[in-house]
Amino acid sequence: MSQPVRRPRRRKNNRKTLLVVIIPFLILLACILLFANLGGNTEGESSSRESSSSSSSISESASGTESLDSSSSSSSTEESQEPSSESSSAPAGSPVDPTDWRLVIASAAHPLGDNYDVELATVIGNYQVDARILEPLNEMLAAAQEDGVSLAITSAYRTVQRQEELYAAQVQQWLGYGYSQEEAEKEAARWVALPGTSEHNTGLALDIVYPGYYEDYGDLNEGFEETAAFDWLINNCTDYGFVLRYPKDKQDITGITYEPWHYRYVGVENAKAMEAAGQCLEEYLGLA
């Protein structure tokens, strides 16, 4: 008698084998998915952190640049607001030093005072000047000669006593014209400075004409501006530190009538600055 086939037992074994294979696979798959998910989140967080850090960095950098630009702009603005000096009463870019001996002023409004003293040196014609201007004065006279123009000094340093004599003589002259004492003194002061208020008392001023001038004109007058000597002086004097002290268009400021023969030493840089600004000494010093 043949034995019966045990199909059910075989079927049970097959299921068991299948479960043994599938369950580990599912566990492995679950683990893979779990780790993949965890890794993705970590990477996302990392990426988010990096993005946030990068954004913060960019923001800080931009803020830093902005701050730098602002600082630079502020610095630039501050620089542009700083006073520039050869202007005020002094030309832009050239601030005036009130203690500069070359800029001492002598006028009715600003007398020299009794303590003013000066060391003198003798120049051509036996005239005297402040020893510190001897060299530039000689250089100017020599330069004019080289250009074919002869210059002659007719007055330089004067003592206060000499100024008193000249002023008194001028007063007498106007009295002779019929002026009252008060009128004569006032008019005389327009032509000869009061003692102690004359630039000639400083040793820094000279009256310059040309040899033979008095034979041609008889006395100092505006006719000098028509001469070659004046033309050379007005075009070259600042190169040697001199200026025309009493210009025609500044009489209301200087209080002195136009004197095309009167030149004053102020130093090259000051002379150039005054010329460029069209200023007389009072304006340059801020006194006008």
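No experiment lies behind these values; they were computed from the predicted model shown.

Novice: Pulling in residues and values, what's your account of the overall build of the chain?
Specialist: Per the secondary structure count, the chain includes nine helices and six strands. When burial is assessed residue by residue, the chain has 34% of its 288 residues classed as buried. Roughly 17800 Å² of accessible area belongs to the chain as shown, and the carbon and sulfur atoms make up 50% of that amount.

Novice: Go over the sheet that holds strand 5 (residues 242-244) with me, naming the residues and quoting the values.
Specialist: Strand order in this open sheet of four strands is 3-4-6-5, and the pairing throughout is antiparallel. Looking at which strands have only one partner, the edges of the open sheet turn out to be strand 3 (152-155) and strand 5. Between one strand axis and the next, the sheet turns by 45 degrees as a mean value, whatever way the strands run. Across three bridges, the pairing between strand 4 (residues 205-209) and strand 6 (residues 262-265) is antiparallel. The residue bridging Asp 207 from the neighbouring strand is His 262, located in strand 6. Strands strand 3, strand 4, strand 5 and strand 6 of the sheet are contacted by helix 2 (residues 134-146), whose axis makes an angle of about 70 degrees with strand 5. Sitting on the sheet, helix 6 (residues 228-236) touches strand 4, strand 5 and strand 6, and the angle it makes with strand 6 is about 25 degrees.

Novice: Any chance you could break down the packing of helix 3 (residues 160-176) against helix 4 (residues 181-191) for me, citing the residues and the numbers?
Specialist: Helix-helix packing: each pair is described by the crossing angle between the helix axes and the interaxial distance. Where helix 3 contacts helix 4, the axes come no closer than 8 Å and their chain directions differ by 125 degrees. Comparing the axis directions of helix 3 and helix 4 gives the class oblique. The crossing of helix 3 and helix 4 is right-handed. Across from Tyr 167, Gln 170, Val 171, Trp 174 and Leu 175 in helix 3, the residues of helix 4 making contact are Gln 181, Ala 184, Glu 185, Glu 187, Ala 188, Ala 189 and Trp 191. Here the contact of helix 3 with helix 4 is built from residues that sort into eight nonpolar, two polar and two charged.

Novice: Which residues make up the environment of Gln 172, and what are the values?
Specialist: Tracing the backbone through its elements, the reader meets Gln 172 in helix 3. The exposure class of Gln 172 is exposed, given its relative accessible area of 53%. The spacing of Gln 172 and Ala 184 is 12 residues in sequence and 7.5 Å in space, taken between C-alpha atoms.

Novice: Before we move on, can you summarise unusual backbone geometry with the specific residues and values?
Specialist: For residues other than glycine, phi is negative in most cases, and the peptide bonds are mostly trans. Positive phi, close to 65 degrees, is recorded for Asn 126, a residue that is not glycine. Along the chain, Asn 126 falls in the loop between strand 1 (120-123) and strand 2 (127-130).

Novice: Tell me what's going on with the nonpolar core, and back it up with residues and numbers.
Specialist: General note: in soluble globular proteins, nonpolar side chains tend to be found buried as a group. Grouped together as the largest cluster of nonpolar side chains are 31 residues, with contacts concentrated most on Leu 137, Met 140, Leu 151, Leu 206, Phe 224, Trp 232 and Phe 242. Among the secondary structure elements, those contributing two or more residues to this core are helix 2, strand 4, helix 6, strand 5 and strand 6. When residues in this core are grouped by element, the largest group, five residues, is from helix 2. If sequence neighbours within four positions are ignored, Trp 232 has contacts with Met 140, Ala 143, Ala 144, Asp 147, Val 149, Leu 151, Cys 237 and Tyr 240. Judged by nonpolar contacts, the second largest core, of nine residues, contains Leu 103, Val 266, Ala 271 and Met 274.

Novice: Explain the pattern of salt bridges to me, and be specific about the residues and the numbers.
Specialist: Scanning the entire structure with this criterion turns up 12 salt bridges. The residue Glu 199 makes a salt bridge to Arg 264 at a minimum N-O spacing of 2.7 Å. Within this pair, whereas Glu 199 is found in the loop between helix 4 and strand 4, its partner Arg 264 is found in strand 6, the two being separated by 65 residues in sequence. Overall, Arg 264 belongs to the buried group, its relative accessible area being 0%.

Novice: Can you lay out the confidence of the model for the chain for me, pointing to particular residues and giving the numbers?
Specialist: Overall, the predicted model of the chain reaches an average pLDDT of 79, with 70% of residues at or above 70. Predicted confidence is poor over residues 1-12, with pLDDT under 50, and the contacts of this stretch with residues over four places away or in other chains come to zero contacts. The low-confidence segment residues 40-94 (pLDDT under 50) makes 31 contacts with residues lying over four places distant or belonging to another chain.

Novice: Describe the side chain of Thr 254, and please don't skip the residues or the numbers.
Specialist: Here Thr 254 is to be found in helix 7 (residues 251-254). Engagement of the side chain of Thr 254 in a polar contact is seen with the backbone nitrogen of Ile 256, the distance being 3.2 Å. Among all residues touching Thr 254, those that are not within four sequence positions of it are Arg 245, Tyr 246, Cys 280 and Glu 282.

Novice: Would you mind going over the packing of aromatic side chains in detail, with residue names and values included?
Specialist: Counting across every chain of the model gives 10 aromatic pairs. Seen in terms of ring centroids, Trp 174 and Tyr 177 are 5.2 Å apart; in terms of plane orientation they differ by 85 degrees. Their pairing is edge-to-face. By relative accessible area, which is 12% here, Trp 174 ends up buried. Look at Trp 232 and Tyr 240: their rings are 6.4 Å apart centre to centre, the planes differ by 25 degrees, and that puts the pair in the stacked class. Taking the relative accessible area as the measure of exposure, Trp 232 reaches 7% and is therefore buried.

Calculation rules
- Residues numbered from 1 in each chain as written.
- Predicted model: local features only at pLDDT ≥ 70, side-chain atom pairs only at ≥ 80, totals over all residues.
- Heavy atoms only, no water.
- Helix = DSSP H or I, 4+ residues; strand = E, 2+ residues; numbered from the N terminus.
- Buried < 20%, exposed > 50% of the residue type's maximum accessible area, 1.4 Å probe, protein only.
- Areas by Shrake-Rupley, 256 points an atom, 1.4 Å probe, with all protein chains shown as cover.
- Pairing = 2+ DSSP bridges.
- Axes fitted to C-alpha atoms, helices over the stretch in contact; angles between N-to-C directions.
- Contact = heavy atoms within 4.5 Å.
- Parallel < 35°, antiparallel > 145°, perpendicular 65-115°, else oblique.
- Left-handed = near helix turned anticlockwise from the far one by under 90°.
- Nonpolar A, V, L, I, M, F, W, Y, C, P; charged D, E, K, R; others polar.
- Core = buried A, V, L, I, M, F, W, Y, C linked by side-chain atoms within 4.5 Å.
- Salt bridge = Lys/Arg side-chain N within 4 Å of Asp/Glu carboxyl O.
- pLDDT = per-residue confidence, 0-100.
- Polar contact = N/O pair within 3.5 Å; in protein donor to acceptor, adjacent residues only side chain to side chain.
- Phe/Tyr/Trp six-rings, centres within 6.5 Å; stacked < 30°, edge-to-face > 60°.

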